Amino acid sequence: NAGVTQTPKFQVLKTGQSMTLQCAQDMNHNSMYWYRQDPGMGLRLIYYSASEGTTDKGEVPNGYNVSRLNKREFSLRLESAAPSQTSVYFCASSEVGGLREAFFGQGTRLTVV
Amino acid sequence: KQEVTQIPAALSVPEGENLVLNCSFTDSAIYNLQWFRQDPGKGLTSLLLIQSSQREQTSGRLNASLDKSSGRSTLYIAASQPGDSATYLCAVINDYKLSFGAGTTVTVRA
């Protein structure tokens with residue numbers, strides 16, 4: 001009963017390095033999301049994919065790219081990491097219709113030095 | 001743009017007291033509203049989801065109300081326990097996006 005799985009759980013990057021955060025869900029959800037959480041600021045939407053084949057910018061997309069690889073997987077890429085991208089990143093998924101209840105992964109704690 | 005506010009930011013109560021957590025939002029054209037719990041260093045656990053057509057939803061000691069016209073939701077936790085200590089987040093669902101408040105951090109003292 002995995003739900004939403006994120007890898008890695010922890011990562012330290014040097015400024016300018018690139019990396020991809022992976023997310024997979026096994027609930028057959030159409031919609032997937034990437035959020036970042038910073039102290040005192042709540043969760044802010046980076047990108048979302050309402051359905052397979054579509055992606056849209058959220059509130060804070062600068063410095064990030066995403067790929068909806070298939071219905072299960074949605075990855076987030078940092079092309080050139082900056083210290084301002086130090087944060088906890090959460091992936092989530094939900095149905096398109098019905099309740100649209102969202103389910104979250106356990107998060108990736110990223111530090112950029 | 002949907003703005004979600006949670007007041008208070010932090011709350012400390014003795015064990016056994018009832019908890020009242022508030023959430024307000026600016027755009028009343030919501031699809032649903034969802035309450036989450038987050039323990040330190042962990043992910044978000046869904047507690048309750050209220051559909052926009054509902055006035056309240058209950059699960060065990062938890063009860064959430066929704067007044068869509070005034071843009072408010074309240075989460076009640078009855079007879080609090082130390083294990084209820086966590087951060088509680090509300091999220092409003094518009095279209096395909098969730099907008100979050102900053103959360104209320106609750107400490108229940110034994």
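Note that the structure is predicted; figures quoted are calculated from it, not measured.

Calculation criteria
Residues numbered from 1 in each chain as written. Chains lettered and ligands numbered in written order. Predicted model: local features only at pLDDT ≥ 70, side-chain atom pairs only at ≥ 80, totals over all residues. Heavy atoms only, no water. Helix = DSSP H or I, 4+ residues; strand = E, 2+ residues; numbered from the N terminus. Rg over C-alpha atoms; globule rule 2.2 N^0.38 Å. Areas by Shrake-Rupley, 256 points an atom, 1.4 Å probe, with all protein chains shown as cover. Lys, Arg positive; Asp, Glu negative; His and termini not counted. Charge placed at Lys NZ, Arg CZ, Asp CG, Glu CD. Pairing = 2+ DSSP bridges. Axes fitted to C-alpha atoms, helices over the stretch in contact; angles between N-to-C directions. Buried < 20%, exposed > 50% of the residue type's maximum accessible area, 1.4 Å probe, protein only. Polar contact = N/O pair within 3.5 Å; in protein donor to acceptor, adjacent residues only side chain to side chain. Phe/Tyr/Trp six-rings, centres within 6.5 Å; stacked < 30°, edge-to-face > 60°. Contact = heavy atoms within 4.5 Å. Buried area = accessible area lost by both parts, 1.4 Å probe. Salt bridge = Lys/Arg side-chain N within 4 Å of Asp/Glu carboxyl O. Core = buried A, V, L, I, M, F, W, Y, C linked by side-chain atoms within 4.5 Å. 1 Å grid on protein atoms, 1.4 Å probe; cavity = no way out; pocket = protein on both sides within 12 Å on 5 of 7 lines; lining within 4 Å. Points joined across faces, edges and corners; volume = space filled by probe spheres on them. Nonpolar A, V, L, I, M, F, W, Y, C, P; charged D, E, K, R; others polar.

### Description of the overall build of chain B
So, step 1. Within chain B one finds zero helices and 11 strands.
So, step 2. Secondary structure elements of chain B, listed N to C terminal, follow the sequence β-β-β-β-β-β-β-β-β-β-β.
So, step 3. In terms of overall size, chain B behaves like a compact globule, its C-alpha atoms giving a radius of gyration of 13 Å where 110 residues would be expected to give roughly 13 Å.
So, step 4. Along the three orthogonal principal directions, the C-alpha set of chain B runs to about 40 × 25 × 20 Å.
So, step 5. For chain B, the exposed surface amounts to about 5100 Å²; the carbon and sulfur share of it is 47%.
So, step 6. For chain B, the distance from the average position of its 9 positive side-chain charges to the average position of its 9 negative side-chain charges is 2 Å.

### A few points about the sheet that holds strand S1 (residues 4-7) of chain B
Sheets are built from strands paired through backbone hydrogen bonds, the pairs being either parallel or antiparallel.
Residue and element names in this part refer to chain B.
So, step 1. The strand order across the open sheet built from five strands is S1-S3-S8-S7-S6, with neighbouring strands paired in antiparallel fashion. The two strands at the open ends of the sheet, each matched to only one other strand, are S1 and strand S6 (56-59). Taking the axes of each pair of neighbouring strands and ignoring which way they run, one obtains an average angle of 15 degrees across the sheet.
So, step 2. Looking at chain direction, strand S3 (residues 19-25) and strand S8 (residues 72-77) are connected through six bridges and run antiparallel. Bridging from a neighbouring strand, asparagine 22 pairs with threonine 74 of S8.

### With respect to the side chain of serine 87 of chain A
All names here are of chain A.
So, step 1. With respect to the element layout, serine 87 can be found in strand S9 (residues 87-94).
So, step 2. You can call serine 87 buried: its relative accessible area is 7%.
So, step 3. In terms of polar contacts, serine 87 uses its side chain to reach the side chain of aspartate 38, at 2.9 Å.

### Structural notes on the packing of aromatic side chains
So, step 1. Here the structure, examined in full by the defined rule, presents nine aromatic pairs over all chains.
So, step 2. Judged by centre distance (5.9 Å) and plane angle (40 degrees), the ring pair of tyrosine 35 of chain A and phenylalanine 104 of chain A falls under tilted. On the criterion of sequence distance, the pair formed by tyrosine 35 of chain A in strand S4 (residues 31-38) and phenylalanine 104 of chain A in strand S10 (residues 103-104) is long-range, its members being 69 residues apart.
So, step 3. Residue classification places phenylalanine 104 of chain A among the buried residues on the basis of a relative accessible area of 8%.
So, step 4. Aromatic side chains tyrosine 35 of chain A and phenylalanine 100 of chain B sit 5.4 Å apart centroid to centroid with 85 degrees between the ring planes, which places their arrangement in the edge-to-face category. Within this pair, whereas tyrosine 35 of chain A is found in strand S4, its partner phenylalanine 100 of chain B is found in strand S10 (residues 97-100), the two belonging to separate chains.

### Let's talk about the interface of chain A and chain B
So, step 1. Of the residues lining the interface, 23 residues belong to chain A; the matching set on chain B comes to 22 residues.
So, step 2. It is Leu99, Arg100 and Phe104 of chain A in chain A that bury the most area against chain B; as a group they hold 29% of the surface buried on that side.
So, step 3. For glutamate 59 of chain A, the salt bridge identified is with lysine 1 of chain B, shortest N-O distance 3.4 Å.
So, step 4. At the junction of chain A with chain B, the criterion picks out six residue pairs in polar contact (both at pLDDT 80 or more).
So, step 5. Mapped by element, the contributors of at least two residues to the side of chain A that touches chain B are S4 and strand S5 (42-49) of chain A.

### A few points about the nonpolar core
So, step 1. With 22 residues, the main nonpolar core has Phe25, Leu33, Trp35, Leu75 and Tyr88 of chain B as its most contacted residues.
So, step 2. Listing elements by their share of this core, those giving two or more residues are S3, strand S4 (32-38), strand S5 (44-51), strand S7 (62-67), S8, strand S9 (86-94) and strand S11 (104-109) of chain B.
So, step 3. Counting residues in hydrophobic clusters, the runner-up holds 20 residues, among them Ile46, Leu76, Ala81 and Leu110 of chain A.

### So, the layout of surface pockets
Gaps left between atoms are located by rolling a probe of water-molecule size over the structure's atoms.
So, step 1. Quantified by volume, the largest pocket comes out at close to 570 Å³.
So, step 2. Residue lining of the largest pocket: 28 residues in total, with Gln37 and Arg109 of chain A together with Gln38, Gly41 and Lys42 of chain B positioned closest to the centre.
So, step 3. Looking at the lining of the largest pocket, the elements that each hand over two or more residues are S4, S9 and strand S11 (108-112) of chain A together with S9 of chain B.
So, step 4. Residues belonging to the lining of the largest pocket are distributed by class as follows: 10 nonpolar, 13 polar and five charged.
So, step 5. Empty space within the second largest pocket amounts to approximately 490 Å³.
So, step 6. Along the walls of the second largest pocket sit 24 residues, with Glu59 of chain A together with Lys1, Gln2, Leu98 and Ser99 of chain B positioned nearest its centre.
So, step 7. Contributions of two or more residues to the lining of the second largest pocket are made by S5 of chain A together with S1 and S10 of chain B.
So, step 8. Broken down by class, the residue content of the lining of the second largest pocket amounts to nine nonpolar, seven polar and eight charged.

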